[in-house]
Amino acid sequence: MARITSLGHACFTFSNESHTLLFDPWLSGNPEAVCSADEVHADAILVTHGHSDHLGDAIAVAKRLSCPIIAAYELCMYCARHGCEVEPMHIGGARQFDFGMVKLTPALHGSAVITDTLIEYTGPAVGFIVTLDEITLYFAGDTGLFGDMKLIGELYEPQVAILPIGDNFTMGPRDAVVAAEMIRPRIVIPSHYSAFEIIQQDPESFARSIETEGIACRILRPGEATEITAADLR
Ligand code: NI
Ligand code: MN
């Protein structure tokens with residue numbers, strides 16, 4: 001029904017037969033990237049925040065493909081200033097697109113574009129709830145653990161959650177297990193845990209903890225994909 005593919009670090013695609021949604025497309029300079037910014041395809045690009053390992057190549061890819069960037073208003077204005085088509089949204093807001101619904105969630109994190117001489121604020125960091133066909137994905141983005149993840153689980157019942165486990169900049173494995181318990185998806189896909197030395201984690205150990213809670217864990221190495229089928233939705 002739908003497919004989730006890891007392109008390395010926090011970059012994933014969520015796709016069905018007609019649409020490909022690209023999340024946090026950091027490819028240039030990403031030691032885990034499995035394709036280049038010139039090769040990747042998308043119908044829309046969803047960016048959680050302005051940090052370079054998330055905004056990444058979004059502007060270049062959006063311009064090459066003439067596809068929109070969906071993000072928080074401030075980050076969208078930054079991208080628009082750089083020539084992109086944008087679909088500004090904000091936390092708590094949902095919108096129906098031709099492919100499905102997108103809603104922005106809170107994320108406990110910063111958001112800025114940082115250069116040698118300037119730190120440019122790009123609004124709050126966010127997560128996304130996205131529906132494609134019958135499947136609801138919660139893409140948490142870079143975030144610490146927060147109690148309203150329970151509300152996200154209760155209100156939107158995502159079957160799949162992509163959660164950071166790298167620690168230091170985001171939740172570590174222990175907090176991500178608590179997050180999974182609150183969200184109660186069928187499937188958790190860990191992210192943001194291997195591209196830098198300081199965020200190295202063992203996803204197998206995380207998977208065992210998640211599975212103790214009766215939640216499946218699918219570890220996607222960069223380049224690997226998983227199908228979300230009707231059997232996963234039962
Ligand atoms: Ni970040
Ligand atoms: Mn990050």
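Structure shown above.
Small disclaimer: the values here were computed from a predicted structure and weren't measured.

Points about the coordination of the nickel ion (ligand 1)
Point 1. Donor atoms from the polypeptide that bind the nickel ion (ligand 1) are His49 (NE2), His51 (ND1), His109 (NE2) and Asp142 (OD), placed at 2.2 to 2.4 Å.
Point 2. Classification of the site at the nickel ion (ligand 1) as irregular follows from its 4 donor atoms and the range of 86 to 177° in their angles at the metal.
Point 3. Here the donor residues for the nickel ion (ligand 1) map to a single chain with the spacing H-x1-H-x57-H-x32-D.
Point 4. A separation of 3.2 Å is found between the nickel ion (ligand 1) and the manganese ion (ligand 2), which share aspartate 142 as a coordinating residue. A residue pair is termed long-range when its members are at least 10 positions apart, and histidine 49 in the loop between strand E4 (44-46) and helix H1 (52-55) and histidine 109 in the loop between strand E8 (101-106) and strand E9 (112-114) qualify at 60 residues.
Point 5. Classification of histidine 49 as buried rests on a relative accessible area of 0%.

Focus on the sheet that holds strand E5 (residues 69-72)
Point 1. Strand order in the open sheet formed by 7 strands is E6-E5-E4-E3-E2-E1-E16, and the pairing between neighbours is mixed. With one partner strand each, in any of the chains shown, strand E6 (86-89) and strand E16 (225-228) form the two edges of the open sheet. Put simply, the sheet's adjacent strands are angled 20° from each other on average, direction ignored.
Point 2. Across 4 bridges, the pairing between strand E1 (residues 2-8) and E16 is antiparallel. For arginine 3, the partnering residue across the bridge sits in E16 and is glutamate 227.
Point 3. Lying on the sheet, helix H3 (residues 73-81) is in contact with E5 and E6; it crosses E5 at an angle near 135°.

Some points on the coordination of the manganese ion (ligand 2)
Six octahedral donors at a metal ideally form angles of 90 or 180 degrees, and four tetrahedral donors ideally form angles of 109.5 degrees.
Point 1. Coordination of the manganese ion (ligand 2) by the protein involves Asp53 (OD), His54 (NE2), Asp142 (OD) and His192 (NE2), with metal-donor separations of 2.1 to 2.3 Å.
Point 2. When the donor residues of the manganese ion (ligand 2) are listed from N- to C-terminus, their spacing reads D-H-x87-D-x49-H.

Observations concerning the environment of proline 106
Point 1. Tracing the chain through its elements places proline 106 in strand E8.
Point 2. Residue class for proline 106 comes out partly exposed when judged on its relative accessible area of 36%.
Point 3. Note: C-alpha distance between proline 106 and proline 185 (79 residues apart in sequence) is 18 Å.
Point 4. The residues touching proline 106, leaving out its near neighbours within four places in the chain, are Ile91, Ala125, Gly127 and Phe146.

Considerations on H3
Point 1. Inspection of H3 places Leu75, Cys76, Tyr78 and Cys79 among the buried residues, and these make up the whole buried set. An end-on view of H3 places all buried positions within 155° of arc, on one side of the element.
Point 2. Packing partners of the buried residues in H3 comprise H1, helix H2 (58-65), E5, E6, E9 and strand E10 (119-121).
Point 3. Once H3 ends, the next one or two residues include glycine 83, with phi positive near 95°.

Section: the sheet that holds strand E14 (residues 187-191)
Point 1. The strand order E7-E8-E11-E12-E13-E14-E15 describes an open sheet built from 7 strands, whose pairing is mixed. Each end of this open sheet is capped by a strand with a single partner; those strands are strand E7 (94-96) and strand E15 (216-217).
Point 2. The pairing of E8 with strand E11 (residues 126-132) spans 5 bridges and is antiparallel. Pairing of threonine 105 across the sheet is with glycine 127, part of E11.
Point 3. The sheet contacts of helix H4 (residues 149-156) involve E8, E11 and strand E12 (135-139), and relative to E12 the element is tilted by about 170°.

A closer look at the packing of helix H5 (residues 173-183) against helix H6 (residues 203-212)
Point 1. Running from N to C, H5 and H6 point in directions that differ by 30°, and their axes come no closer than 10 Å. One finds that H5 runs roughly parallel with respect to H6. Between H5 and H6 lies a crossing of right-handed hand. Packed against H5, whose contacting residues are Pro173, Ala176, Val177 and Ala180, the element H6 presents Phe206, Ser209 and Ile210 at the interface.
Point 2. When its residues are assigned to classes, the contact of H5 with H6 shows 6 nonpolar, 1 polar and no charged.

Cut-offs and rules
Residues numbered from 1 in each chain as written. Chains lettered and ligands numbered in written order. Predicted model: local features only at pLDDT ≥ 70, side-chain atom pairs only at ≥ 80, totals over all residues. Heavy atoms only, no water. Donors = N, O, S within 2.8 Å, 3.2 Å for Na, K, Ca; no water. Tetrahedral: all angles 85-135°; square planar, octahedral: opposite > 155°, others 65-115°. Helix = DSSP H or I, 4+ residues; strand = E, 2+ residues; numbered from the N terminus. Buried < 20%, exposed > 50% of the residue type's maximum accessible area, 1.4 Å probe, protein only. Pairing = 2+ DSSP bridges. Axes fitted to C-alpha atoms, helices over the stretch in contact; angles between N-to-C directions. Contact = heavy atoms within 4.5 Å. Arc of directions from axis to C-beta. Parallel < 35°, antiparallel > 145°, perpendicular 65-115°, else oblique. Left-handed = near helix turned anticlockwise from the far one by under 90°. Nonpolar A, V, L, I, M, F, W, Y, C, P; charged D, E, K, R; others polar.

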